[in-house]
Structures are given as structure tokens and as C-alpha cells.
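# Tertiary structure, described
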Amino acid sequence: MSNDVTTVRARRRPPARVLLARIAYGIAAACAAVAVGEAAAAFVRPQAAPVVAIGSAAIDLAPTPVKEWAVRSFGTSDKTVLLTGIYTTTGLLAAALGPLAARRRAAATVLPAAFGALGAWAALARPDARPTDALPSAAAALAAVAVLLLLLPHRRPHPTARPSGPEPQRPTGTGAPGPTDAPAAAVDAHPGRRGVLTAGAVIALSAGVASGGRYLSERRNDVSAARAALTLPPPARPLPPPASPAALPIPGLAPLRTPVGDFYRVDTALTLPRIDPHDWTLRIHGMVDHPVELSFADLLALPLEELDHTLSCVSSEVGGPYVGTTRWLGAPLPALLRRAGVRAGADQLLGRSQDGMTIGTPLECVLDGRTALLAVAMDGAPLPVAHGFPCRSVVPGLYGYTSATKWLVDLEVTTFAARDPYWVQRGWDRTGEVRTASRIDVPAAFARVQAGDVTVAGTAWATHRGVAAVEVRVDGGPWQEAALAADAGPDMWRQWHHTWRSATPGTHRLEVRATDAAGAVQDETRRPPFPSGATGWHSTVVTVH
Ligand SMILES: Nc1nc2c(c(=O)[nH]1)N[C@H]1C(S)=C(S)[C@@H](COP(=O)(O)O)O[C@H]1N2
Ligand SMILES: [Mo]
């Protein structure tokens, strides 16, 4: 039992164990909210979970420099970092919520309601929102309020007070509990033990509800069976296998065709859209004479074509990793657009994904004879979910953000004057033509190599224009022509190698530059990725010993 001294102190500032208990209450309320939100989202849809919705809103609202910094610093883990940040912030706010709600009871409803409102707003602000998307956030807020009211000591009206009157302030820990006041006083006297135990139980239960919700959500939204069951028709005009001289067997050199599992992934999707091909339709509409609607079976019934192509991301730094090469299979876009009948004046093909991403492609690039596809397969297998299953667009020569809509469900023929797609709204270049780029893979940066002849090798791409030459120089000396692997087509990168003769001990800098098939030498000026792709020559420092 507390003596008078602690009583007085308790009234001013709660002892540490009471404070800790209240922090635990707040955290338990937050856990319950997140768990109930996730479980409810399993029934509504995964994107409507409050944390996911708030994270998606944060991605959309993040200023371009912040986005660039996130991609640069965290790469493909940027989403994990963002979610961890949101959970940490929620946890800290929750830790403050308990003590606050203990002092001002209104906080127990106002703050969770604010969190719920933020989640609901974020969910409803998604481009593809439905009214029911607000439900998981509402349920989450209710759960938090319920847990707080359950855990915080009840304030009972003083026995002599009128039941309808305003609640009198009953100081905590006023000595030994009186016989009529036993339960409430017991709660107050042992907030540490009893409250913390209940809070612990709530947190454990929340973990159970959250994992149950996640499991259910995955079960309800699983498309892996549908993906595995797909048999793709063969291409109408199969491409020959890439000639083997196009692939150099040099250890450390990026392979000519990127294994699908290693293919870079860049998108804004916090939860992957999961689309059952049976439910998939694609609408082609806008400035066309005959709008078209295709089912997945309709799409597969079209004569499919193959494309060997290097896809790259505008966010890649010079020498960066967001580039991959694969063999796509898909239905040619130009034939479909001709069937729809593109009207005069249209200059943009605006793709929309199931999660509301918009990607605008210059129409002339789609119609100028290059192999622009509605792709259904990569490297002989249906697209992985992360790469746009069941259908994405691919238009060689353009960065992904202006050409490669994943989870594509809608194509609108329009004009750039009428509509700014997602990235253009954020200041990126509207065309997104791939800049000539080259990269030294071997030796790796800061490698130690033996004096004598050293193999230097890498890749170069000027997608759709093609690479005509690659040159290498050492320590700013004369440029030397590298040997190119066989040409596998202008849409594909080209491996190259060069023998650096008689390398001498010390630290040396290797540089590379490519020339495209039109004769334009790669731009030396160092530019960041924003707004139209990085430029500059890739260099590598190595130590010869
Ligand atoms: N739906 C959707 N499609 C998208 C994106 C996206 O965020 N959402 N990102 C684009 C960008 S910026 C790139 S570089 C490519 C990357 O494709 P990948 O992840 O299959 O490599 O997808 C493009 N398509
Ligand atoms: Mo990108």
C-alpha cells in the first residue's frame, strides 16, 4: 500500500510503474487498432488497411526529392523502411496516448478517432477507392477506444455525488480502499500489475488477430494458383534464341538475360495488386472510333509476339542497378490500337493500373513500328505478381515510368494537354526516352586485381537506338575501343569487354562510355536522375597489386 508521501507524489506525477502501465495501455490500444484494421481489410481489400493506406498516401504525397532519396538509399527495401517508419511513429504516438488518456479521458476517443479519420481519408483518397475502404480504419479506431476504456481505471462517481452530475475528480491512491470502493481502488492501487497483464493479453491477442487477418487476406487474394494454372500460347513468330556470341562468359559480368528472380522491381505498391486473370479486363477507350474491351482469354487468342528487351528505371544513378533484360511475350499494341481506330489529334496512350497508377506513353512511340506489347510473360513464364501479373505494357526505348504499366487494366487514348500521368504531375519528363548508358561490372568497384593484363567488362544500352561502340580509358588516358558481344537487337543491352594491358601497381580509375547507333557519344555531364534520367560516365576505382 502506498504511504502518504507517495500519495502526494502520485497525485502530481504518477510513479514510474503507473506511467509504464499507461504507456502499455496506449501501445495495447495501437496494437489492437492495427490488428483489427488488418483483419477488416482482409474482408474489404488489402489496400484498405489503415497503415497500408496511410503509407500509400505518404508515397503519393512525398516530394520528388524525398522519393528519389528513398529509392537511392533503400532501393527495393524502400517500402519496408516506410512501413517500419509508420509503425514506429504509431508506436511512439501510442506510448504518449496512454498517459494522456489517463489524465484527459477525452483523449481516449479523440486521438484514436483522429487516427481512424486519417486512415479512412488515406484509403478514400486512393485513385481506385470505394466507400467501403473506410471501414477498416473505422474498425481500427473503435478497437483502440474500446481497449483504452477497458484498461484505464474506471472513474466512479463518488458515492454521495448525483449520478447525473459532472464526475468528481477522485484522486488516485487515497490510502486503503474502503469497503464500498474496493474494485476501483484496487485497479488504481495496482495499475502496474493488473493493467499491464491485461495490456499484455491485448497485445498478444492483437498479434494473433493480425496474423490471422494477414493469412486470411493472402488466402482470399491469392492468385498464385491461377498463375500456375495458366498455359501460355506459343508466339506467332518465335524469335531465335539469342546468338551465343551475344553472351560473354565473364565471371562478375551481369548475364545477358536477367534471371526473373533478380529482375529489379520499382513501383509505388505497398501491397501487390492481386488480379485473377478470370476477372481481368482491359478497356481501350478515349479518342478512338470503337472502344475495345478484352478479357484475358481474348488477349491470349491474339497472335503473340516475343521481344528481347532491356527495361530500365529513370531513377537509376549512373552505374545503378535498376536495369534488367528479359524476353517478353505479349500481344502487339499497334494492332489493337488500329482496331480501336485512333482519332486524329491524340498524342498520349495513358495506361492505368489496378492500383491507380497512371503511365503515359507518347503515342507515336507506340505506333512507329517498334515492338510495343501488352506483355503476359517474362522469360517463358507468366509475369510474376510483382512484375504486373497478368498483363503489363512494354514499349522499348522508354524508361519504365513512361512505358511499362504493371497490373494494367485500362488504356486511354488521349493527349498530353488533357492529362498528366502520375510521374509527370511530379515533375518528371513526359517522354522518358532512355539515355545512352554504360556500366563497368568487372572489376567490381574497389576490387584488388593482380598487376598485368586485366579483363574489364560490362554492359551498355541505348534502348531501341542500339549500341554501336563502347570505349574504356584508364586514369583519364586515351579512349580505347572495347570489344562488343554480338548484336542481339537495338532493344537489348550489349555486353562488352576490354583487356587492360600491363596494369601497374597502384590505384587506378577506369571509365566507360558508349556510342549509340546514330553516332551520338554518351553525355559526359553529370546529371541526377530527376527529371529525365541520369547522365555521366560510369567509373570504377581499382587497386592493382
Ligand atoms: N502499376 C505500376 N506500374 C509501374 C510502376 C508503378 O509504380 N506502378 N512503376 C514503373 C516504373 S518507374 C518502372 S521502372 C517499371 C519497373 O518494372 P519492374 O518492377 O517490373 O522492373 O514499372 C513501371 N510500372
Ligand atoms: Mo522507374
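Worth saying up front: this structure is predicted, and the values here are computed from it rather than measured.

To continue, consider the overall build of the protein. Scanning the protein from terminus to terminus reveals 14 helices and 19 strands. Principal-axis analysis of the C-alpha atoms places the extent of the protein at approximately 95 × 70 × 40 Å. Within the protein, buried positions represent 51% of all 545 residues. When the accessible surface of the protein is summed, it comes to about 25000 Å², and 60% of that surface belongs to carbon and sulfur atoms. Distance from the positive charge centre (52 side chains) to the negative charge centre (44 side chains) of the protein: 13 Å.

Now for the site of ligand 1. In the neighbourhood of ligand 1, 20 residues make up the surrounding shell, with Tyr264, His387, Arg392, Ala404 and Lys406 lying closest. Tyr264 places a main-chain nitrogen or oxygen 2.6 Å from an oxygen atom of ligand 1. Here Ala404 contributes a backbone N or O atom positioned 2.8 Å from a nitrogen atom of ligand 1. When isolated, ligand 1 has an accessible area of 530 Å², and the protein chains bury 99% of it. For the shell around ligand 1, the residue count by class is ten nonpolar, five polar and five charged.

What follows deals with the domain arrangement of the protein. Along its sequence, the protein is carved into domain 1 (2-157 + 191-220), domain 2 (244-425) and domain 3 (437-544). Each of domain 2 and domain 3 was reduced to a C-alpha centroid, and the two centroids are 29 Å apart. Across the boundary between the two partners, domain 2 contributes 32 residues, which contact 29 residues of domain 3. At the boundary of domain 2 and domain 3, one finds zero salt bridges. Here domain 2 is connected to domain 3 by eight residue pairs in polar contact (both at pLDDT 80 or more). Among the elements of the structure, strand E3 (305-312) and strand E4 (323-332) are those that each provide at least two residues to the side of domain 2 that touches domain 3. When residues of the side of domain 2 that touches domain 3 are assigned to their parent elements, the largest contribution, five residues, is made by E3.

The linkage connecting Val442 with the following residue, Pro443, adopts the cis geometry, with an omega of -5°. Mapped onto the elements of the fold, Pro443 is located in the loop between strand E11 (437-442) and strand E12 (448-449). The backbone of Phe446 sits at a positive phi, close to 65°, despite the residue not being glycine. Here Phe446 lies in the loop between E11 and E12. Phi at His464 takes a positive value of approximately 80°, unusual for a residue other than glycine.

Read from one edge of the open sheet, five strands run E2-E1-E10-E5-E6, paired in mixed fashion. Edge positions in the sheet fall to strand E2 (292-295) and strand E6 (358-362), since each has one partner strand and no second. Taken over all neighbouring pairs, the strand axes of this sheet differ in orientation by 15° on average, direction set aside. Pairing analysis gives six bridges linking strand E5 (residues 348-353) to strand E10 (residues 408-414), with the strands arranged antiparallel. Bridge pairing links Ser353 to Leu408 in E10. Where helix H12 (residues 333-340) meets the sheet, its contacts fall on strand E1 (281-286), E2, E5 and E10, and the angle it forms with E2 comes to roughly 135°.

So, on to the nonpolar core. Membership of the largest hydrophobic core comes to 53 residues, with the highest contact counts inside it found for Leu299, Trp328 and Leu374. In terms of residue count, the dominant contributor to this core is strand E7 (residues 373-378) (six residues).

Throughout the structure, instances matching the rule amount to 26 salt bridges. The closest approach of N and O atoms between Arg419 and Glu412, which form a salt bridge, is 3.2 Å. One salt bridge connects Asp453 with Arg501, and the closest N-O pair in it is separated by 2.8 Å. Of the two residues, Asp453 sits in strand E13 (residues 452-461) while Arg501 sits in strand E17 (residues 494-503), which places them 48 residues apart along the sequence. Sharing partners across several salt bridges, the network here consists of Asp78, Lys79, Arg265, Asp267 and Lys406.

Attention shifts here to the side chain of Arg45. Along the chain, Arg45 falls in the loop between helix H2 (16-43) and helix H3 (50-61). A polar atom in the side chain of Arg45 sits 2.8 Å from the side chain of Asp133. When near neighbours in sequence (up to four residues on either side) are disregarded, Arg45 contacts Asp128, Ala129, Arg130 and Asp133.

Under the feature "transmembrane region" (unreviewed entry), the UniProt entry names residues 19-44, 81-99, 106-123 and 135-152. Segment residues 81-99 splits into 100% helix and 0% strand. End C-alpha atoms: 28 Å apart. Its end C-alpha atoms 26 Å apart, residues 106-123 is made of 94% helix and 0% strand.

The rules behind the values
- Residues numbered from 1 in each chain as written.
- Chains lettered and ligands numbered in written order.
- Predicted model: local features only at pLDDT ≥ 70, side-chain atom pairs only at ≥ 80, totals over all residues.
- Heavy atoms only, no water.
- Helix = DSSP H or I, 4+ residues; strand = E, 2+ residues; numbered from the N terminus.
- Buried < 20%, exposed > 50% of the residue type's maximum accessible area, 1.4 Å probe, protein only.
- Areas by Shrake-Rupley, 256 points an atom, 1.4 Å probe, with all protein chains shown as cover.
- Lys, Arg positive; Asp, Glu negative; His and termini not counted.
- Charge placed at Lys NZ, Arg CZ, Asp CG, Glu CD.
- Near = heavy atom within 4 Å.
- Polar contact = N/O pair within 3.5 Å; in protein donor to acceptor, adjacent residues only side chain to side chain.
- Nonpolar A, V, L, I, M, F, W, Y, C, P; charged D, E, K, R; others polar.
- Domains from an automatic or database assignment.
- Contact = heavy atoms within 4.5 Å.
- Salt bridge = Lys/Arg side-chain N within 4 Å of Asp/Glu carboxyl O.
- Pairing = 2+ DSSP bridges.
- Axes fitted to C-alpha atoms, helices over the stretch in contact; angles between N-to-C directions.
- Core = buried A, V, L, I, M, F, W, Y, C linked by side-chain atoms within 4.5 Å.
- UniProt positions renumbered as here; feature names shortened; annotations may be inferred.

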